Number of protein chains: 2
Amino acid sequence: MTNEATKTARKSPPKPANRRAGARVSASSKPPPPSNRAERAAERRGAIIEAAMDEFIARGFAATRLDDIAKRAGVAKGTIYLHFKDKESMFEELIRTAIVPLISRLWGTPPQPGASVRDMVEGFAKTFIEEVATTRRGDLVRLIVAEGPRFPEVADFYYREVVSRGLTGMRALIELGIARGEIQHKNLARFPQIMVAPALIAVIWQSLFSKHAPLDALEMFRVHLDLIFGERKTA
Amino acid sequence: MTNEATKTARKSPPKPANRRAGARVSASSKPPPPSNRAERAAERRGAIIEAAMDEFIARGFAATRLDDIAKRAGVAKGTIYLHFKDKESMFEELIRTAIVPLISRLWGTPPQPGASVRDMVEGFAKTFIEEVATTRRGDLVRLIVAEGPRFPEVADFYYREVVSRGLTGMRALIELGIARGEIQHKNLARFPQIMVAPALIAVIWQSLFSKHAPLDALEMFRVHLDLIFGERKTA
DNA sequence: TGACAATGACTGACCAGTCAGTCATAAATG
DNA sequence: CATTTATGACTGACTGGTCAGTCATTGTCA
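Definitions and cut-offs
Every chain is numbered on its own, with residues counted from 1 as its sequence reads. Throughout, the order in which chains and ligands are written sets their labels, letters from A for the former and numbers from 1 for the latter. Per-residue local features of the predicted model are confined to residues with pLDDT of at least 70, and side-chain atom pairs are confined, for both listing and counting, to 80 or more; whole-chain, interface and lining totals are unaffected and use all residues. Hydrogen atoms and water are omitted, and side-chain values are computed over all heavy atoms in the structure. Secondary structure is summarised from DSSP: a helix means a run of H or I of at least four residues, a strand means a run of E of at least two, and numbering begins at the N terminus for each. Each residue is assigned to one of three classes by its accessible area relative to the maximum for its type, calculated with a 1.4 Å probe on protein chains only: buried under 20%, partly exposed between the two thresholds, exposed over 50%. Only the protein chains shown count as cover for residues, with accessible areas throughout obtained via the Shrake-Rupley method and a probe of 1.4 Å. Residue contacts are counted whenever heavy atoms from the two residues lie within 4.5 Å of one another. Accessible surface is computed with a 1.4 Å probe, and the buried area is the amount of it that two parts give up when combined, taken over both parts together. In protein, a polar contact means a hydrogen-donor-capable atom and an acceptor-capable atom, both N or O and within 3.5 Å, with residues adjacent in sequence counting only if both atoms are side-chain atoms; elsewhere, any N or O pair within 3.5 Å suffices. Asp, Glu, Lys and Arg are counted as charged, while Ala, Val, Leu, Ile, Met, Phe, Trp, Tyr, Cys and Pro are counted as nonpolar; the rest, among them Gly, fall into the polar class. Salt bridges are identified by distance alone: a Lys or Arg side-chain nitrogen within 4 Å of an Asp or Glu carboxyl oxygen. UniProt positions are given in the numbering used here, feature names are shortened, and annotations may be inferred rather than shown by experiment. Only Phe, Tyr and Trp rings are paired, with Trp represented by its six-membered ring, and only when their centres lie within 6.5 Å; those with planes under 30 degrees apart are stacked, over 60 edge-to-face, the remainder tilted. How far a helix is expected to stretch is found by multiplying one less than its residue total by 1.5 Å. Residues below a pLDDT of 70 in either copy are left out; the C-alpha atoms of the rest, at least 70 in both, set the least-squares superposition of the copies.

**A few points about the overall build of chain A**
For chain A, the helix and strand inventory stands at 9 helices and 0 strands. Starting at the N terminus and walking to the C terminus, you meet the elements of chain A as α-α-α-α-α-α-α-α-α. Looking at chain A as a whole, 45% of its 235 residues are labelled buried. Total accessible area on chain A stands at roughly 12,700 Å², and carbon and sulfur atoms take up 55% of it.

Put into structure tokens, the structure is as follows:
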């Protein structure tokens, strides 16, 4: 009963339900004057994103229930659909949203002008270990590795925004090191991946094996840098 | 092995149907006629494992449908339950079954007695790239990384059988290299992970980014070894 | 009050797991 | 060896539960 109503006139959708475009956020907001309504909406959206991130990281895409996300965000399930088209695009948008702070967190380190290349890389490593590998951002990376093959757009985005940029930057750093005579191995510039390999190890280890055997990721990174730059001074 | 006993009862089915029994179906085995019962059963079990591996690798645990596995294996869904308790234990058993050949594949390389440590490691790398990183076994590793957190038993097993053993062996190799004077960096023995880091990079890259930019994994590995053992002779 | 935000009960599709029934094969019998 | 009977591997329609997505209703702000 009451189901044949489905075919009956369904309200008037002259206007697309809502376009998240409005919530573009985009760094500094100035267009709309601070409205109680808009503020609350943004707040809710943030809560949903936060909750969804936790759930997706914990269970993966397929096994995550929107009911759980809603409950965790303190919102009704329908509300999610006021902000996102469906589960899939929500996931994609989520990852994209979360990657931005990941990047800025990594390249936001103060680039000391007088520092050696080794110092710069070590600073990067330190930041990475502290801000990524040991936080939820690290799980985000693992999530991308896990779901990437099923979400080519996510993998593409991650490649463009993180991998490609990161490797380019790292290559420049390596070439600077070679030019300065800090790095002897010229071939290293051909494979900047090598420089960040311990970072990936750290992320994976952290979420899979840290309970079996803790890993001092920063120290491992330093030993790795010793291979590249030569032994450190201090014993 | 060890399946549930099938009940029996007498009833009359409303519909006959069912006669595909003889149709071994396309692909693969045709010439070798079905032998005895046990052989056919083992064959079927193998087909299920094979199909399940492909499906799980392609879609992950949660998104994989048993109907698809059955179809791919050329078997009815019920047959799966003659061999496995449920989806979850099937997944676990599957991984465990598949890891064994992974190990033997890696440590099965002929340990040339007269070879240098570098040669041994390079041989290992070559085997890994050819036999794991560029094959379905590589996706298996990615699958474990992806599902590990949700299947602690799988992660534990993988740690015990692959990671722990592998690192121990690698550490021994590193210490040998240090003793022989091939390796200068004594600290490397503290982090055997560094030695295999490019292998992990290769696996991830292969399944996520190879279509964006191909990676010569073996050459990368060699450059990495140059860092550890010193530059190679040939340019 | 009118417009829009939020809700959560509901629907329909989907899917893991079941089980009554079938039939090829093995075992028993003559 | 030919025939009958017993076995259990295999099947696939079916069930019960789950969950993404919907929408009529209710709540809230301007």
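**Re the interface of chain A and chain B**
One frequent convention defines the size of an interface as the accessible area lost when the parts assemble. Taken together, the contact pairs 48 residues of chain A with 48 residues of chain B. Between chain A and chain B lies a buried interface of about 4,300 Å² when both sides are counted; carbon and sulfur atoms form 74% of it. For the pair chain A and chain B, the interface holds 11 residue pairs in polar contact (both at pLDDT 80 or more). The set of elements that each furnish at least two residues to the side of chain A that touches chain B consists of helix 1 (36-59), helix 6 (136-147), helix 7 (152-180), helix 8 (193-208) and helix 9 (217-229) of chain A. Per-element accounting of the side of chain A that touches chain B gives the leading share, 9 residues, to helix 8 of chain A. Split into classes, the residues belonging to the side of chain A that touches chain B amount to 29 nonpolar, 8 polar and 11 charged.

**Describing the pattern of salt bridges**
Applying the stated criterion to the full structure yields 48 salt bridges over all chains. Taking the shortest distance from any N to any O, the salt bridge between Glu182 of chain A and Arg180 of chain A comes out at 3.6 Å. The partly exposed category is assigned to Arg180 of chain A, whose relative accessible area is 42%. When the shortest N-O distance is used, the salt bridge between Asp68 of chain B and Arg65 of chain B registers 2.7 Å. Overall, Arg65 of chain B belongs to the partly exposed group, its relative accessible area being 48%. Bridged by salt links that share partners, the residues Glu50, Asp54, Glu55, Arg59, Arg65, Asp68, Arg72 and Arg136 of chain A form one connected network.

**Some details on the environment of Asp226 of chain B**
For Asp226 of chain B, the position within the fold is in helix 9 (residues 217-229). On the basis of relative accessibility, which here comes to 1%, the residue Asp226 of chain B falls in the buried class. In the structure, Asp226 of chain B is positioned 108 residues away from Arg118 of chain B in sequence and 9.2 Å away in space, judged by C-alpha atoms. Ignoring anything within four residues of it in the chain, the contact list for Asp226 of chain B reads His185 of chain A together with Arg118, Glu231 and Arg232 of chain B.

**Examining the UniProt feature "DNA-binding region" (unreviewed entry) in chain A**
Residues annotated by UniProt as "DNA-binding region" (unreviewed entry) correspond here to residues 65-84 of chain A. The distance separating the terminal C-alpha atoms of residues 65-84 of chain A is 15 Å; by composition the span is 75% helix and 0% strand.

**Section: the packing of aromatic side chains**
Residues and elements named next belong to chain A. Counted under the stated rule, the structure contains 22 aromatic pairs over all chains. Residues Phe61 and Phe151 carry aromatic rings whose centres are separated by 4.9 Å and whose planes lie at 70° to one another, so their mutual orientation is edge-to-face. One end of the pair, Phe61, is in the loop between helix 1 and helix 2 (66-73); the other, Phe151, is in the loop between helix 6 and helix 7, and 90 residues separate them in sequence. A relative accessible area of 5% means that Phe151 is categorised as buried.

**A closer look at helix 4 (residues 87-107) of chain B**
The terminal C-alpha atoms of helix 4 of chain B, which comprises 21 residues, lie 31 Å apart, in line with the 30 Å expected from a rise of 1.5 Å per residue. Looking only at helix 4 of chain B, the buried set comprises Met90, Phe91, Glu92, Leu94, Ile95, Ala98, Ile99, Leu102, Ile103 and Leu106 of chain B.

**Topic: the relation of the copies chain A and chain B**
Taken as rigid bodies, chain A and chain B are interconverted by a rotation of 180° and an axial shift of 0.0 Å, the fit giving an RMSD of 0.1 Å. A rotation of that kind, with that shift, is consistent with a two-fold axis. Closest approach to the rotation axis among the C-alpha atoms of chain A is made by Ala146 of chain A, whose C-alpha sits 2.2 Å away. Interface overlap between copies is the fraction of interface residues in one copy that are interface residues in the other; for chain A against chain B it reaches 100%, indicating a shared surface.

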